[in-house]
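# A look at the structure
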Amino acid sequence: MAERQHAVELRNVVKRYGEFTAVKKMDLTVPENSFVTFLGPSGCGKTTTLRMIAGLTDITEGDLVIRDRRVNDLPIHKRNLGLVFQNYALFPHKTIFDNIAFGLKYRNVNKADIAQKVKSALDLVQLPHVADRYPNQLSGGQQQRIALARAIVIEPDVLLLDEPLSALDANLREEMRVELKRIQRELGVATIFVTHDQSEALAMSDKLVVMKDGIVEQEGQPEDVYNNPSSAFVADFLGHSNIFAGTLAEPSGETAPVQLEGGTTLKTTIHQIERVNRQQNIRAVIRAEKIMVSTNQNPTSNDSTSIPGRIKTVDYLGQMARYFITAEGQDWQVINPIDQHPFGEGADIFMHIPARNCVLLPGHHD
Ligand SMILES: Nc1ncnc2c1ncn2[C@@H]1O[C@H](COP(=O)(O)OP(=O)(O)OP(=O)(O)O)[C@@H](O)[C@H]1O
Ligand SMILES: [Mg+2]
């Protein structure tokens, strides 16, 4: 038999609650061994999709395939999945050992094997000495690790994680995301991770699935989705973007001018022009971090544009500053690293925009 490629496949999956469709025609694949992230605003259907995969809620239409087997009607306890949800409720009156052993006892694993498996799960989450404690004797981050240990000890085919880090404070959360990725890599288990934190999604995923209103808006490798958003929604949701309507002029060489609605002219690349099929009415997307601000005007070059502007307000972010700028009558935002001090409010500056950083989208609204 050919090697299996997908741990999970959704084919035209729909979920309706009465009149309301929470998930509309979802097609999705989760490759074996991969870390896939669902990212999207509140209510877009992330948890619903995960619950359908887990077997916690039934599927209205379509097929759910786990490891080459249609499992729409297979009950949850026969799916061999590891689950960690946002409220990682451990059993408060059971020891950590018994919390982790729970799923194994249920599967009639013998005592010696249970002891051995619980020990390796505790080692994996780097808490080898807490087996005899109770959950309330652990910190939030430690409890979260135990919830993860409990999910992986059964050697699941797929690990399903619904915002497992959201109850943790910012520092711990960053630590845990490194841990989680390490554990996933060590086990090689296909993982679906739900978050609405974009930096988490970009940092962790092999494949990023951006969802909106019950559909997959865009999926791909994080850097592809980030650099080539397929819609204004994705461009805006991932990071901060300047988005303007405009028209394309004839290319000359490797670049072409884009005339923005407000009168500013930028350069874009042939590659971008091909992406919109040489259509004339477009929208230009320029990410806030992909514009360089300086006080001097660079010599005009073929592959970059310099636009004079004035800083209206500055958000100081530590290593970065976010500038709100007026240039040629339009409002822009720029996020730049700070060398020593950010530019001050009222400063006259130039924005430098390389042609490759002017991404094009079709002109219609989405
Ligand atoms: N049991 C239910 N009955 C009716 N509607 C529901 C039910 N569960 C979820 N929904 C609706 O389905 C939509 C998707 O919900 P879901 O929980 O999947 O969103 P989500 O993407 O996980 O959001 P969040 O980021 O807030 O967790 C929402 O509009 C929600 O109100
Ligand atoms: Mg949710």
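Model, not experiment: these values are computed from the prediction. (Residues numbered from 1 in each chain as written. Chains lettered and ligands numbered in written order. Predicted model: local features only at pLDDT ≥ 70, side-chain atom pairs only at ≥ 80, totals over all residues. Heavy atoms only, no water.)

## Focus: the domain arrangement of the protein
Note the threshold: As annotated, the domain borders come from an automatic or database domain assignment.
Each assigned domain of the protein is listed here: domain 1 (6-227) and domain 2 (240-362). Each of domain 1 and domain 2 was reduced to a C-alpha centroid, and the two centroids are 39 Å apart.

## Describing the packing of helix 4 (residues 140-152) against helix 5 (residues 170-187)
Helices that pack against each other are described as a pair by the angle of their axes relative to one another and the distance between those axes. Applied cut-off: Axis angles are defined between N-to-C directions and span 0 to 180 degrees, where every axis is a line fitted to C-alpha atoms and, for a helix, only to the segment in contact. Helix and strand assignments come from DSSP, with helices taken as H or I runs of at least 4 residues and strands as E runs of at least 2, each series counted from the N terminus. If an angle is under 35 degrees, it is roughly parallel; if it is over 145, roughly antiparallel; if it lies from 65 to 115, roughly perpendicular; otherwise it is oblique. Should the near helix be turned anticlockwise from the far one by less than a right angle, the crossing is termed left-handed; should it be turned clockwise, right-handed. Here, two residues are considered to be in contact whenever any of their heavy atoms come within 4.5 Å of each other.
Between helix 4 and helix 5, the least distance of the axes is 11 Å, while the angle of their chain directions is 20°. By the angle between their axes, helix 4 is roughly parallel relative to helix 5. The element helix 4 and its partner helix 5 pack so that their crossing is right-handed. Across the interface between the two elements, Gly-141, Gln-144, Arg-145, Leu-148 and Ile-152 from helix 4 touch Leu-172, Glu-175, Met-176, Glu-179, Leu-180, Ile-183 and Leu-187 from helix 5.

## What about unusual backbone geometry?
Across the chain, the bulk of peptide bonds are trans and the bulk of non-glycine residues have phi less than zero. Even without being a glycine, Gln-126 presents a positive backbone phi close to 60°. As for its position among the elements, Gln-126 is in the loop between helix 3 (111-124) and helix 4.

## Some details on the packing of helix 2 (residues 96-106) against helix 3
Selection criterion: Residue polarity is assigned by list, with Asp, Glu, Lys and Arg as charged and Ala, Val, Leu, Ile, Met, Phe, Trp, Tyr, Cys and Pro as nonpolar; anything else, Gly included, falls into the polar class.
Relative orientation of the contacting elements helix 2 and helix 3 amounts to 120°, with a least axis distance of 10 Å. On the basis of the axis angle, helix 2 is oblique to helix 3. Between helix 2 and helix 3 lies a crossing of right-handed hand. Along its contact with helix 2, which presents Ile-96, Phe-97, Ile-100, Ala-101, Leu-104 and Lys-105, the element helix 3 presents Ile-114, Ala-115, Lys-117, Val-118, Ala-121 and Leu-122. Along the lines of polarity and charge, the residues of the contact of helix 2 with helix 3 split into 10 nonpolar, no polar and 2 charged.

## Points about the environment of Lys-46
Put simply, the rule reads: Exposed residues in this analysis have more than 50% of their type's maximum accessible area, buried residues have under 20%, and partly exposed residues fall in between, with area computed by a 1.4 Å probe over protein chains only. N or O atoms closer than or at 3.5 Å make up a polar contact, with two conditions inside protein: a donor-capable atom paired with an acceptor-capable one, and, for residues adjacent in sequence, both atoms drawn from side chains.
Of note, Lys-46 is situated in helix 1 (residues 46-54). For Lys-46, a relative accessible area of 6% translates into the label buried. For Lys-46, the residues in contact, after removing those within four places along its chain, are Phe-38, Leu-39, Gly-40, Pro-41, Glu-163, Val-194, Thr-195, His-196 and Met-211. Of the polar contacts made by the side chain of Lys-46, one reaches the backbone oxygen of Gly-40; its length is 2.9 Å.

## Some thoughts on the side chain of Thr-264
If you trace the backbone, Thr-264 turns up in the loop between strand 12 (255-260) and strand 13 (265-269). You can call Thr-264 buried: its relative accessible area is 1%. Polar side-chain contacts of Thr-264 include one of 2.6 Å to the side chain of Glu-328.

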